[in-house]
Amino acid sequence: MIVRSLNRGSAAAPWLVFSFIYLSASSFVTALPGQGGAGSVSNDEVVAQRSLVDSKPLLGEKGLPQQHAFTADDNAPLLRVTPQEPNTYPSTYTALLNALETMENHFFAVAYGTWPKAIDWTAAVMGTQVSATLLAMTSYAQTLKPTSLLCIDEARDHENLINRYFTQITSFYFGENAFALRTQAYDDMLWVVLGWLEAIKFIKLHSSLHYTSSDDKNATWYASQFIPQFAHRARLFYDLASRGWDTTLCGGGMLWNPHLAPYKNAITNELYIAASVSMYLYFPGDSDSSPFLTHTGLPPAKAHDVRYLDNAAEAYKWLKESKMRNKDGLYVDGFHITGWRGGKNGSNGTGKCDMRAENVYTYNQGVILSGLKGLWEATGSRCYLEDGHELVRNVIRATGWEDRNTEQRYRWAGLGRGGVMEELCDWSGSCSQNSQTFKGIYFHHLTLFCSPLIRQEWGENGETLLDDEETKQLHQKSCEEYGDWIRHNAFAAYLTRNQDGEYGEWWGRPARRRRHGDEEDDEFEGPNTQGTDYRNEGVPMDEIWRLPEDDVMYKCDMDKDLGNQERSWRDYDGRDNEVRSRDINDRGRGRTVETQSGGVAVLRALWRLVESKQEGG
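Everything numeric here is computed off the predicted structure, so don't read it as measured data.

1. Some thoughts on the overall build of the protein chain
Logical step 1: A tally of helices and strands in the protein chain yields 18 helices and nine strands.
Logical step 2: Residue burial in the protein chain is summarised as follows: out of 617 residues, 60% are buried.
Logical step 3: Within the protein chain, residue pairs in contact and separated by at least 24 positions form 76% of the contacts whose partners lie at least 6 positions apart.

Structure, rendered in C-alpha cells:
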C-alpha cells in the first residue's frame, strides 16, 4: 500500500491513511460500480476470468461517479454487441489493472528479465508501458480523500503490488538486449531512451508522494538507487542515436537506419524530438564514465542541458517544414532521396527529400505529441500545443468518428472506421510485431500530451515556475473534447479480449459467432495501401532501400515476424458450411504482448485523461 510520509516512531505507525483502492498482490479484484461486491459477468465479457473467482469489493469505489464504468449504450450500435447493463462492466481502473496483470503474467518471464516473444524495440516499448501504468497507479492516490483507516497488512498489499511490477522493470534493465540494440536502427535506440526516462519519472513521483518525509531526508523509496543506472543507459543510447542527425541530405533530419540507403522517416524524427526534450526535462544527470563503445571515459552529463532542448526545437522545425503530412493532415511514413547511390563512387542524387512514402501508420501520429508537450513545457510557446491539437483532431477525423452512427460506419476513413482506430493490416490479419505495437504507442503519447500543463524552467537554484493559466485552461478544455472518442476506443479494445483476458489487434471487431463466409464480413471494406509496407512485409531488396554492397539481411529485416500471415482472413479450421465460433482477432500472429500493451495503453488514457484527471503525472 502507498505509504505517505510515515514518520518513524510515530504513534500512528500501525496505521496508514488509505487513499487507494484495495487490491491483493496475488490477484486483482473486480467490483461492479454502485454495488458492494462482484456480480455475474457473461461468458463473452470476462475480464481475466481467473481473477474473478474470489472477488472482493473495491473499497473506496462508492465515492466514484458513475462515469467511472464502461457503458455499452453508445458503442453497441457500432460494434454490434448485445447491449448490457452498465453494471456488467468493471470500473476502468479495475480493467486497466487486469490488463496489466494479464500482460505480465502471460508474457513476461522473470527468469529472462524480458518479454521473450517481443523483439528488441517492442520490448523497450513494453517497459515504457509498464512504467507509465505504475505512474498512473501511484498518482491515483492524489485524487481521493482518505475515507478510512486500514490495517498495515492491507496497506502493505498494494505497495507490494507496485513493487511486484517495478521489480520486473529492474530485471528488464538486465534482460534488455542492450548490446544488440546499439547496432540497430536509430529509432530502435530512441525507444530505449524514452523507456528508461519513463521509469525515472515513476520512481521520482512514487518516492515524493509516498515516502519522502520532511523530517527524514533519507526516507526515500528504495528504488531511487536505480535512477543512476537508468539515466546512464538513457544517456548512452541518446548519444548513439544522435549520430543519425544528418545535414548533407534534405537540409537536416534523422536518418532511419545506418545499414540502409538514406531514408528520413517520421518515426525516427519524432522519437528524436521526444527523446531530446525528455532528456532536457527529466534526465537527472550522469556521472558514470563507463564508455562501452569508446576507449576513453565519458565526461559527466548535467541535468537540464540546453543542448537537448536545442536539438528538439531544431528537429521539430525541420519536421514541420519537411512536407511529411498528407492532404488529411496526417504524417506519412517518410522520404527517400531521388537518385541517391552509395559506395565509393556514389552520388547524393538530388540531395532532397523528394520521394515520399505515403503509408500512414498510427504511431507516426502519436510520438510527436509528447515531444510537442515537452517543447511547450520547456519554452512556453503555445504554437507547439496548437500543432499537437490540430494533429489529434485530424486523427480523430481519420478514424471515421463523424460516421460512427451512420451507414458509413464501415467505410475506411484513413486511420480506421466508425470512430475506432485501426491499422492498415488489421483488416487482413497480416500485422507483424511492429504494427501490433503501434496503437498502444499512440495512446501512450496522447496521454502524455493531454496531461495537465506544468511549465518548467530551471534557474540557478533549480526552481520550477508555473505560469500561463490561460493556455493551461485552453489545453485542458481541448483535451476534454477528446474524451468520448477515447472512451469509444477503449470500449472497442475491451471487447476484443478472450476468456484469458488477452486483448486483440483489431479493436473494431470483437469475437462472435457467424457462418463461414458470412456477408457481414464484407461490410468492412479493406483499406487501400500505398507504397511499400515495410513495417509488415519487410524491407525490399532493391536500390531504393539498400546499400549497393548490401548482399546480406540486416537485423532490421529480422524484426518482421515471418509467421504473421499463417492464419489469414478465410483460413480457419473446419468446413466452409459449418457454423462455428470464429475469433477475428485470432488471425495472423493472434494475441501477443504487443496487442496486450495496446489494451493497457488505451485504458490508461481513458482513466487518466477522462476519468481521474490526474495532477502530477
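2. A short note on the sheet that holds strand 4 (residues 334-337)
Logical step 1: The strand order across the open sheet built from three strands is 3-4-5, with neighbouring strands paired in antiparallel fashion. Whereas interior strands pair on both sides, the edge strands pair on one side only; in this sheet they are strand 3 (264-265) and strand 5 (353-357).
Logical step 2: As judged from the four bridges shared by strand 4 and strand 5, these two strands associate in the antiparallel manner. Considered in strand 5, the bridge of H336 is made with M355.

3. Remarks on the pairing of strand 4
Logical step 1: A two-sided burial pattern is seen for strand 4, the buried positions comprising G334 and H336 on one face and F335 and I337 on the other.
Logical step 2: Judged from the two bridges that link them, strand 3 and strand 4 form a sheet pairing that is antiparallel. Bridge pairing links K264 to F335 in strand 4.

4. So, the confidence of the model for the protein chain
Logical step 1: Per-residue confidence for the protein chain gives a mean pLDDT of 78; residues scoring 70 or more make up 70%.
Logical step 2: Within the model, pLDDT remains below 50 along residues 82-87, and this stretch shows 14 contacts once partners closer than five positions in the same chain are excluded.
Logical step 3: Across residues 551-581, confidence stays below pLDDT 50; counting only partners more than four residues off in sequence or on other chains, it has 67 contacts.

5. Describing the nonpolar core
Logical step 1: Grouped together as the largest cluster of nonpolar side chains are 141 residues, with contacts concentrated most on W115, W191, F443, L446 and W485.
Logical step 2: Broken down by element, this core gets its largest block of residues, 15 residues, from helix 6 (residues 186-210).
Logical step 3: Excluding its chain neighbours within four sequence positions, the residues that come into contact with W191 are W121, A124, V125, T128, I267, L271, Y363, V367 and I441.
Logical step 4: Within the second largest apolar cluster, eight residues are counted, among which are A185, Y263, A357 and Y534.

6. With respect to the pattern of salt bridges
Side chains that carry opposite charge are capable of pairing whenever their charged atoms lie near each other.
Logical step 1: Evaluated as defined, the whole model comprises 25 salt bridges.
Logical step 2: In this structure, D328 and K327 form a salt bridge, with 3.5 Å as the shortest nitrogen-oxygen distance.
Logical step 3: The exposure class of D328 is partly exposed, given its relative accessible area of 37%.
Logical step 4: Overall, the relative accessible area of 78% leaves K327 in the exposed class.
Logical step 5: We note a salt bridge from R393 to E481, for which the minimum N-O separation is 3.7 Å.

7. Regarding the packing of aromatic side chains
When we look at a pair of aromatic rings, we describe it by the centre distance and by the angle of the planes.
Logical step 1: Counted by the stated rule, this structure contains 37 aromatic pairs.
Logical step 2: The interplanar angle of 65 degrees and the centroid separation of 5.0 Å between the aromatic rings of W115 and F172 together place this pair among those described as edge-to-face. Here the residue W115 occupies a position in the loop between helix 2 (92-107) and helix 3 (120-139), and F172 occupies one in helix 4 (residues 152-175), the gap between them amounting to 57 residues.
Logical step 3: Between Y238 and Y272, the aromatic rings sit 6.0 Å apart at their centres with planes inclined by 10 degrees, giving stacked as the arrangement. Of this pair, Y238 sits in helix 7 (residues 227-241) while Y272 sits in helix 8 (residues 266-282); the two residues are 34 residues apart in sequence, bridging distant segments of the chain.
Logical step 4: Judged by its relative accessible area of 0%, Y238 is buried.
Logical step 5: A relative accessible area of 4% means that Y272 is categorised as buried.

Conventions adopted
Residues numbered from 1 in each chain as written. Predicted model: local features only at pLDDT ≥ 70, side-chain atom pairs only at ≥ 80, totals over all residues. Heavy atoms only, no water. Helix = DSSP H or I, 4+ residues; strand = E, 2+ residues; numbered from the N terminus. Buried < 20%, exposed > 50% of the residue type's maximum accessible area, 1.4 Å probe, protein only. Contact = heavy atoms within 4.5 Å. Pairing = 2+ DSSP bridges. pLDDT = per-residue confidence, 0-100. Core = buried A, V, L, I, M, F, W, Y, C linked by side-chain atoms within 4.5 Å. Salt bridge = Lys/Arg side-chain N within 4 Å of Asp/Glu carboxyl O. Phe/Tyr/Trp six-rings, centres within 6.5 Å; stacked < 30°, edge-to-face > 60°.

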